[in-house]
Amino acid sequence: MNMTKPNAKPPLLCSSLLFLLQFFHSSSQKTCPNCGSLEVPYPLSTNPDCGDPDYTIRCDPLSHKLYFDALNGSSYLILRITPSSHRMVVQPSPWLPGTCVTQDMPVSEGLWLNQTLPFNVTSSNTIFLFNCSPRLVISPLNCTLSSLCHRYLDSSGYVDKKRALQCASGLDPCCTFLAGGTPSAYKIRLHSSGCRSFRSILHLDPQKKPNQWEEGLEIQWASPPEPPCKTHLDCFGASKCIPAGGTDVFRCLCKKGYYWNSGLCTCSRKKNPKSGLTLKVSIGVVSFCTLVVVMAAIAVRKSVQFSKRSKLAKAREDMLKSSNSGKSSTMFSLKVVKKATNGFSRDRILGSGGFGEVYKGELHDGTVVAVKLAKVGDIKSTQQVLNEVGILSQAIDFSRDEDDVNLAAYVIQRANGGSIMEVVDRQLLGEEPPVKETTSVKLFSELALACLREKKGDRPSMKDVVQELQLIKEMVEQQEVSNEVSSEII
Ligand SMILES: *[C@@H]1O[C@H](CO)[C@@H](O)[C@H](O)[C@H]1NC(C)=O
Ligand SMILES: *[C@@H]1O[C@H](CO)[C@@H](O)[C@H](O)[C@H]1NC(C)=O
Ligand SMILES: *[C@@H]1O[C@H](CO)[C@@H](O)[C@H](O)[C@H]1NC(C)=O
Ligand SMILES: *[C@@H]1O[C@H](CO)[C@@H](O)[C@H](O)[C@H]1NC(C)=O
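Each residue is numbered by its place in its chain's sequence as written, counting from 1. Chains and ligands are labelled by the order in which they are written, letters from A for the one and numbers from 1 for the other. Local features in this predicted model are restricted to residues whose pLDDT is 70 or higher, and side-chain atom pairs enter the listing and the counts only when it is 80 or higher, whereas totals over whole chains, interfaces and linings include all residues.

- The name given to the protein chain in an unreviewed UniProt entry is Protein kinase superfamily protein, with the source organism recorded as Actinidia rufa.
- The Subcellular location (unreviewed entry) comment attached to the protein chain in UniProt states, word for word, "Membrane". UniProt positions are given in the numbering used here, feature names are shortened, and annotations may be inferred rather than shown by experiment.

Some remarks on unusual backbone geometry
Move 1: Cis rather than trans, the peptide bond between Tyr42 and Pro43 has omega equal to 5°.
Move 2: Helix and strand definitions follow DSSP, with helices as H or I runs of at least four residues and strands as E runs of at least two, each counted in order from the N terminus. Checked against the element boundaries, Pro43 lands in the loop between α1 (9-18) and β2 (58-60).
Move 3: A positive phi angle, close to 55°, is found at Asn342, a residue other than glycine.
Move 4: With respect to the helices, strands and loops of the structure, Asn342 is situated in the loop between α6 (334-340) and β18 (349-353).
Move 5: Field definition: a residue is buried when 20 or more other C-beta atoms are found within 10 Å of its C-beta, exposed when 12 or fewer are, and partly exposed for counts in between, with C-beta atoms placed from the backbone. For Asn342, a count of 14 C-beta atoms within 10 Å gives the class partly exposed.
Move 6: A positive phi angle, close to 50°, is found at Phe344, a residue other than glycine.
Move 7: Considering the arrangement of structural elements, one finds Phe344 in the loop between α6 and β18.

Overview of the site of ligand 4
Move 1: Each residue gets a C-beta atom placed from its backbone. Should that atom fall within 6 Å of a molecule or strand, the residue is termed near it. The local shell around ligand 4 consists of Asn120, Thr182, Ala185, Gln220 and Ala222.
Move 2: For the shell around ligand 4, the per-class residue count stands at 2 nonpolar, 3 polar and no charged. Charged residues are taken to be Asp, Glu, Lys and Arg, nonpolar residues to be Ala, Val, Leu, Ile, Met, Phe, Trp, Tyr, Cys and Pro, and polar residues to be all remaining types, Gly included.

Observations concerning the site of ligand 1
Move 1: Ligand 1 sits among Leu71, Asn72, Ser108, Glu109 and Trp112.
Move 2: Class assignment of the residues belonging to the shell around ligand 1 gives a composition of 2 nonpolar, 2 polar and 1 charged.

Considering the pairing of strand β20 (residues 368-374)
Move 1: Only when DSSP finds a minimum of two bridges between them are two strands counted as paired. Bridge count between strand β19 (residues 356-362) and β20: 7 bridges; the pairing is antiparallel. Note on β20: the bridge partner recorded for Gly356 is Ala374.
Move 2: Between β19 and β20, which pair antiparallel in sequence order, lie 5 residues; one of them, Gly366, sits at a positive phi of approximately 90°.

Observations regarding helix α10 (residues 435-450)
Side chains three or four residues apart in an α-helix point the same way, a direct result of the helix having 3.6 residues per turn.
Move 1: In a regular helix each residue adds 1.5 Å, so 16 residues correspond to 22 Å; α10 covers 23 Å between its end C-alpha atoms and thus fits that length.
Move 2: The complete set of buried residues in α10 reads Ser440, Phe444, Ser445, Leu447 and Ala448. Buried residues of α10, seen end-on, are gathered within an arc of 160° and therefore sit on one face of the element. Helices are assigned an expected span. That span is 1.5 Å times one less than the residue count. As used here, the arc is the angular range of directions from the helix axis to the C-beta atoms.

Details of the nonpolar core
Move 1: Core analysis: the biggest nonpolar cluster contains 48 residues, and Leu129, Phe130, Cys174 and Cys175 have the highest contact counts within it.
Move 2: By residue number, the principal contributor to this core is strand β8 (residues 125-130), which donates 4 residues.
Move 3: Any pair of residues counts as being in contact when their C-beta atoms, constructed from backbone geometry, are within 7 Å of one another. Discounting residues that sit within four places of it in the chain, Cys174 has contacts with Phe128, Leu129, Phe130, Cys132, Ser147, Cys149, His150, Leu153, Cys167 and Ala168.
Move 4: Phe444, Cys451, Leu469 and Leu471 belong to the second largest nonpolar core, which has 11 residues in total. Buried Ala, Val, Leu, Ile, Met, Phe, Trp, Tyr and Cys residues whose C-beta atoms connect them within 7 Å together make up a nonpolar core.

Section: the sheet that holds β8
Move 1: Strand order in the open sheet formed by 4 strands is β9-β8-β11-β12, with antiparallel pairing between adjacent strands. The sheet is open, and its two borders are formed by β9 (175-178) and β12 (214-215), each paired with just one other strand.
Move 2: Direction of pairing for β8 relative to strand β11 (residues 197-202): antiparallel, over a ladder of 6 bridges. In the sheet register, Ile127 faces β11, and the bridge partner there is Ser200.

With respect to helix α3 (residues 148-155)
Move 1: Of all the residues in α3, the buried ones are Cys149, Tyr152 and Leu153. Around the axis of α3, the buried residues are gathered within 95° of arc, so they sit on the same side.
Move 2: On its buried face, α3 sits against β8, α4 (161-167), β9 and β11.

Some details on the environment of Gly257
Move 1: Along the chain, the position of Gly257 falls in the loop between β15 (250-254) and β16 (258-261).
Move 2: Residue Gly257 is classed as exposed on the basis of its C-beta count, with 11 C-beta atoms lying within 10 Å.
Move 3: In this structure the C-alpha to C-alpha distance between Gly257 and Ala238, which are 19 residues apart in sequence, comes to 9.2 Å.
Move 4: If we skip the residues at most four places from it in the chain, Gly257 touches Arg269 and Lys270.

Focus: the sheet that holds strand β3 (residues 65-69)
Move 1: Strand order in the open sheet formed by 6 strands is β2-β3-β4-β5-β13-β7, and the pairing between neighbours is antiparallel. Since the sheet does not close on itself, it has two edges, and those belong to β2 and β7 (119-121), each with one partner. Ignoring which end each strand starts from, the neighbouring axes of this sheet average 45° apart.
Move 2: Relative to strand β5 (residues 87-90), strand β4 (residues 75-82) runs antiparallel, the two being bridged by 4 bridges. Considered in β5, the bridge of Arg80 is made with Val89. A fitted line through C-alpha atoms serves as each axis, taken over the contacting stretch for helices, and the angle formed by two N-to-C directions is quoted from 0 to 180°.

Examining the pairing of β3
Move 1: Taking every second residue as pointing to the same face, the buried face of β3 carries Leu66 and Phe68, while none of Lys65, Tyr67 and Asp69 on the other face is buried.
Move 2: The turn joining β2 and β3, which pair antiparallel and follow one another in sequence, is formed by 4 residues; a positive phi near 55° is taken by His64.
Move 3: Bridging between β3 and β4 involves 3 bridges; their strand directions are antiparallel. Along β4, the bridge assignment pairs Asp69 with Ser75.

Written out as structure tokens, the structure reads:
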């Protein structure tokens, strides 16, 4: 049984995925030009010739600012867009002078989204409603005196004293709720007999001081369907420009035998059901034969196993030493490892790979360790695990400072300190790396760090990683194009 410090495996996985990038095709989507200096990522659309018309936002030609238009005439200034997570943050409507009423209250009775469009309000928003009617006190909203909206008014610094008094005073409560359910994913209603203004905080943490709460309303959009087109020339790969779903919009729909892969934004080949069946049959046959062979092998092995066992342990130790460029490794007995992982308790599982499961353990001296359990009776997986241990022990370098011995810890610390470029080999980038390179290194390292999170559920899935890589690639390419354009103008 072998061990290394935890957190060392996921970055290897992620980094090998980075190479997959090279193989993605170009796609048919048309990204909109920048609005002033602001990027308009696909599928967002500022005019009918680019982006996807269902994802329309507005570029104000005078101010060069982006606006999100909601129903009934209200517009919200877009503060930032995060294409990788399909989200943007807008600013809630400005106050009307000298009152606790916002502009969107008389215009549209608050924020209403068109439910047939792909946008909705995320559950990262904590909404504060102000200037409410007393009858709301008995409601599913939290309108009590301890409600967080009072802390926002009193000590966030976002609202002046006079307005704060108007927003919640005497009988008129303010109320708090978490957006993102129905109907609040599509509607934050203001009303003369309800509440007359609202504000939103992103990822509210009640432990933090209110002046550190971030204002803004986060809106997400659904993964885009096939890109719109005018002629076949607009479409690449296995797609054709044809009318989509009985509407007058033409889209690059996938050809027969292909399906729309919204994660990769391309047409992917469907699995042939017939060959699927043959595959299943042959898998069945193969697994039956394997079972017979394995059972026979186990029977034979049992008799010779005992004498072989000590030989095998020796062989593994040698193998580890050789893959570890001669560095010595500590060998732990099964008993110690069992104790560290509470008998390979299921609640200690950090993740599982093709060759076995990884457990979180704690040695008697308190050192936290990751334990990888090779699949029983599978020589290949044992070898794989030994190889990994060899590679990973190189990620642990005792010549570095005590706090930096573990490569993962070393990188995380540099990333948090904003100096991630320090961990990149200078020879790869040259003395003055181009912006494109530094941006992509930063984005990739963010993704790699997400793969380092301790809980399995917090780490991105393979699919997420691939999707994210694709988006980063697009973003970087877009940046490149816009850089070229701007340098041509100069
Ligand atoms: C806003 O628009 C929606 C959809 O057209 C409509 O149902 C709603 O009544 C409108 N609200 C107001 C206050 O006009
Ligand atoms: C909502 O969006 C659909 C699709 O674009 C559009 O046909 C419809 O008119 C919109 N509804 C309103 C009330 O604007
Ligand atoms: C209202 O929110 C406060 C602060 O989060 C909490 O302490 C209180 O229990 C909530 N009250 C209700 C009725 O939900
Ligand atoms: C909001 O949009 C996301 C992404 O399209 C979707 O998964 C989610 O179900 C929507 N939420 C509601 C309440 O409709």
